[in-house]
Amino acid sequence: EAAKRFYRLCGEIIQERGFFLHKYNPDGTLGSSWHPWLSGGELILTTGVAWPASDKKLRRHIEELAEVGVAGVVLELGRRYQQVPQVVVDVAEAVQLPVVELHREISFVAVTERVHRLLLNAREEGLAFANAAHETFTSLSVRAASAQEVLDRLRELAATPVVLEDLAHRAV
């Protein structure tokens, strides 16, 4: 009997392409949430298929996303919703949570990979800059370079004009 209930549940919740879209309890209700795994700043990509059916629960779901500090929600329309539910719009406006609606199917994996690549590239560029600055100023320090040479290298690294001030904030 337990096996039959399991296979019945699977038949109800497995999507056309063969995916489970969320954790489920044996009675078919949504299981434990992934909210505890969020640390803030995440962009949530969703089709909304696992969102609660009732407005009250959906309101609380969006409030919880805002409480944990997600950066925004991207809702792909078409599978479950033809437009962003009004309760989502209302809560998102109240808590200043950006909601983006997509009117065509996208590959969430491709979006995630692209964003990760951009973040990693930015991090790598930052580390390379920090390393270059460290090497430059270490070399200048070891050579006892003049203040003008230090300022010139700083200007080159920062790609912006540099002014040396004394403690009274007067240009030296």
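Everything that follows concerns the structure shown earlier in this document.
Residues numbered from 1 in each chain as written. Predicted model: local features only at pLDDT ≥ 70, side-chain atom pairs only at ≥ 80, totals over all residues. Heavy atoms only, no water.

(A) Molecular detail of the nonpolar core. Ranked by size, the top nonpolar core spans 17 residues in total, and within it W51, L58, I62, L65 and V88 carry the most contacts. Per-element tally for this core: the top contributor is helix α3 (residues 86-95), with 4 residues. (Core = buried A, V, L, I, M, F, W, Y, C linked by side-chain atoms within 4.5 Å. Buried < 20%, exposed > 50% of the residue type's maximum accessible area, 1.4 Å probe, protein only. Helix = DSSP H or I, 4+ residues; strand = E, 2+ residues; numbered from the N terminus.)

(B) Representation of the pairing of strand β2 (residues 72-76) within the structure. Across the 5 residues of β2, 5 count as buried, placing the element largely inside the fold. Neither face of β2 is exposed, since G72, V74 and E76 on one face and V73 and L75 on the opposite face are all buried. Each parallel crossover has a hand, and for strand β1 (residues 43-46) linked through helix α2 (residues 55-68) to β2 it is right-handed. As paired strands, β2 and strand β3 (residues 99-102) are joined by 4 bridges and run parallel to one another. Across the sheet, the residue bridging to V73 is V99, located in β3. Handedness of the β-α-β unit built from β2, α3 and β3 comes out right-handed. (Right-handed = clockwise from strand over helix to strand, strands pointing away. Pairing = 2+ DSSP bridges.)

(C) Representation of the packing of helix α4 (residues 108-142) against helix α5 (residues 147-158) within the structure. Running from amino to carboxyl end, α4 crosses α5 at an angle of 170°, the nearest separation of the two axes being 11 Å. The pairing of α4 with α5 is recorded here as roughly antiparallel in orientation. Seen from α4, the contacting residues are F129, A133, T136, F137 and L140; seen from α5, they are E149, V150, R153, L154 and L157. When its residues are assigned to classes, the contact of α4 with α5 shows 7 nonpolar, 1 polar and 2 charged. (Axes fitted to C-alpha atoms, helices over the stretch in contact; angles between N-to-C directions. Parallel < 35°, antiparallel > 145°, perpendicular 65-115°, else oblique. Contact = heavy atoms within 4.5 Å. Nonpolar A, V, L, I, M, F, W, Y, C, P; charged D, E, K, R; others polar.)

(D) Structural context of the pattern of salt bridges. Counting across every chain of the model gives 9 salt bridges. The shortest N-O distance in the salt bridge between E67 and R60 comes to 2.9 Å. According to the relative accessible area criterion, R60 is partly exposed, its value standing at 33%. Close ionic contact of E149 with R143 constitutes a salt bridge, the shortest N to O distance being 2.8 Å. You can call E149 partly exposed: its relative accessible area is 23%. Each of the salt bridges in this network shares a partner with another, and the network as a whole consists of R60, E63, E64 and E67. (Salt bridge = Lys/Arg side-chain N within 4 Å of Asp/Glu carboxyl O.)

(E) A look at the sheet that holds β1. Spatial ordering of the open sheet is given by β1-β2-β3, a layout of 3 strands whose pairing is parallel. Where the open sheet ends on each side, the last strands, each with one partner, are β1 and β3. Put simply, the sheet's adjacent strands are angled 15° from each other on average, direction ignored.

(F) Structural context of unusual backbone geometry. Here A144, not a glycine, exhibits a phi torsion of approximately 55°, which is positive. In this fold, A144 is placed in the loop between α4 and α5. Of note, H169 is a non-glycine position whose phi angle comes to about 65°, a positive value. Relative to the helices and strands, H169 resides in the segment after α5.

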